[in-house]
Amino acid sequence: MADAHIDPRNLSPEEAEREALQTEAEAHRAALVAQRTQVEAELERAHGLRAVNLRRTLRRLDRELAHEPVDPDIATSTPAAAPPPPK
């Protein structure tokens, strides 16, 4: 099954999409954290305008991380583009 890329859990399309969104959200947060760590390390060695730019980047990353949920739970959230219920 793994060779044919078939998921043995037999998820519905909606569950598979939620899982993919969950994985994407976790990967995005991990990338932000890694980028922040890299910028911090570079800031320790930077001087002048480079240090100013790195501090600005660090503040931007902090803002992005503040808006990212620590443990995104896509499965319980409602989709933003969901149609209204029928009347």
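Residues numbered from 1 in each chain as written. Predicted model: local features only at pLDDT ≥ 70, side-chain atom pairs only at ≥ 80, totals over all residues. Heavy atoms only, no water.

Asker: Looking at this structure, how should I read the overall build of the chain?
Answerer: A count of helical and extended segments in the chain gives two helices and zero strands. Split into buried and exposed, the 87 residues of the chain put 16% on the buried side. In the chain, once contacts between residues fewer than 6 apart in sequence are set aside, the share between residues at least 24 apart is 61%. When the accessible area of the chain is evaluated, it comes to approximately 7,200 Å², of which 57% is carbon and sulfur surface. (Helix = DSSP H or I, 4+ residues; strand = E, 2+ residues; numbered from the N terminus. Buried < 20%, exposed > 50% of the residue type's maximum accessible area, 1.4 Å probe, protein only. Contact = heavy atoms within 4.5 Å. Areas by Shrake-Rupley, 256 points an atom, 1.4 Å probe, with all protein chains shown as cover.)

Asker: I would appreciate a short explanation of helix H1 (residues 13-45) in the present structure.
Answerer: Helical geometry: 3.6 residues make up each α-helical turn, so side chains three or four residues apart lie on a common side. An ideal rise of 1.5 Å per residue puts 48 Å on 33 residues; H1 measures up with 49 Å between its terminal C-alpha atoms. Those residues of H1 not exposed but buried are Gln22, Ala25, Arg29, Leu32, Arg36, Val39 and Leu43. On the buried face of H1, the contacting elements are helix H2 (48-67). (Expected span 1.5 Å × (residues − 1).)

Asker: How do you make sense of the environment of Val33 when you look at a structure like this?
Answerer: By the secondary structure assignment, Val33 is in helix H1. Judged by relative accessible area, which is 38%, Val33 ranks as partly exposed. Taking the C-alpha atoms as reference points, Val33 and Asp62, separated by 29 residues in sequence, lie 9.2 Å from one another.

Asker: I'm lost on the nonpolar core in this one. Help?
Answerer: Nonpolar side chains tend toward joint burial in soluble globular proteins. Residues Leu32, Val39, Leu43, Ala46, Ala51, Leu54, Leu58, Leu61 and Leu65 constitute the largest nonpolar core, which totals nine residues. Those elements giving two or more residues to this core turn out to be H1 and H2. (Core = buried A, V, L, I, M, F, W, Y, C linked by side-chain atoms within 4.5 Å.)

Asker: Looking at this model, I keep getting lost on a positive patch on the surface. Mind explaining?
Answerer: Among the surface-exposed residues, Arg55, Arg56, Arg59 and Arg63 lie close enough to one another that they form a single positively charged patch. Mapped onto the secondary structure, Arg63 falls in helix H2. (Patch = residues over 30% accessible without salt bridge, like charges linked within 9 Å, V, L, I, M, F, W, Y side chains within 5 Å. Salt bridge = Lys/Arg side-chain N within 4 Å of Asp/Glu carboxyl O. Lys, Arg positive; Asp, Glu negative; His and termini not counted. Charge placed at Lys NZ, Arg CZ, Asp CG, Glu CD.)

Asker: In this structure, what is going on with the packing of H1 against H2? I would like to understand it.
Answerer: Each pair of packed helices can be summarised by the angle the axes make with each other and by the distance between the axes. Closest axis-to-axis distance for the H1/H2 pair is 10 Å, and the angle between their directions is 155 degrees. Taken together, the axes of H1 and H2 are roughly antiparallel relative to one another. The two elements H1 and H2 meet at a crossing, and its hand is left-handed. Seen from H1, the contacting residues are His28, Arg29, Leu32, Val33, Gln35, Arg36, Val39, Glu40, Glu42 and Leu43; seen from H2, they are Arg50, Ala51, Leu54, Arg55, Thr57, Leu58, Arg60, Leu61, Asp62, Glu64 and Leu65. Residues that form the contact of H1 with H2 fall into these classes: nine nonpolar, three polar and nine charged. (Axes fitted to C-alpha atoms, helices over the stretch in contact; angles between N-to-C directions. Parallel < 35°, antiparallel > 145°, perpendicular 65-115°, else oblique. Left-handed = near helix turned anticlockwise from the far one by under 90°. Nonpolar A, V, L, I, M, F, W, Y, C, P; charged D, E, K, R; others polar.)

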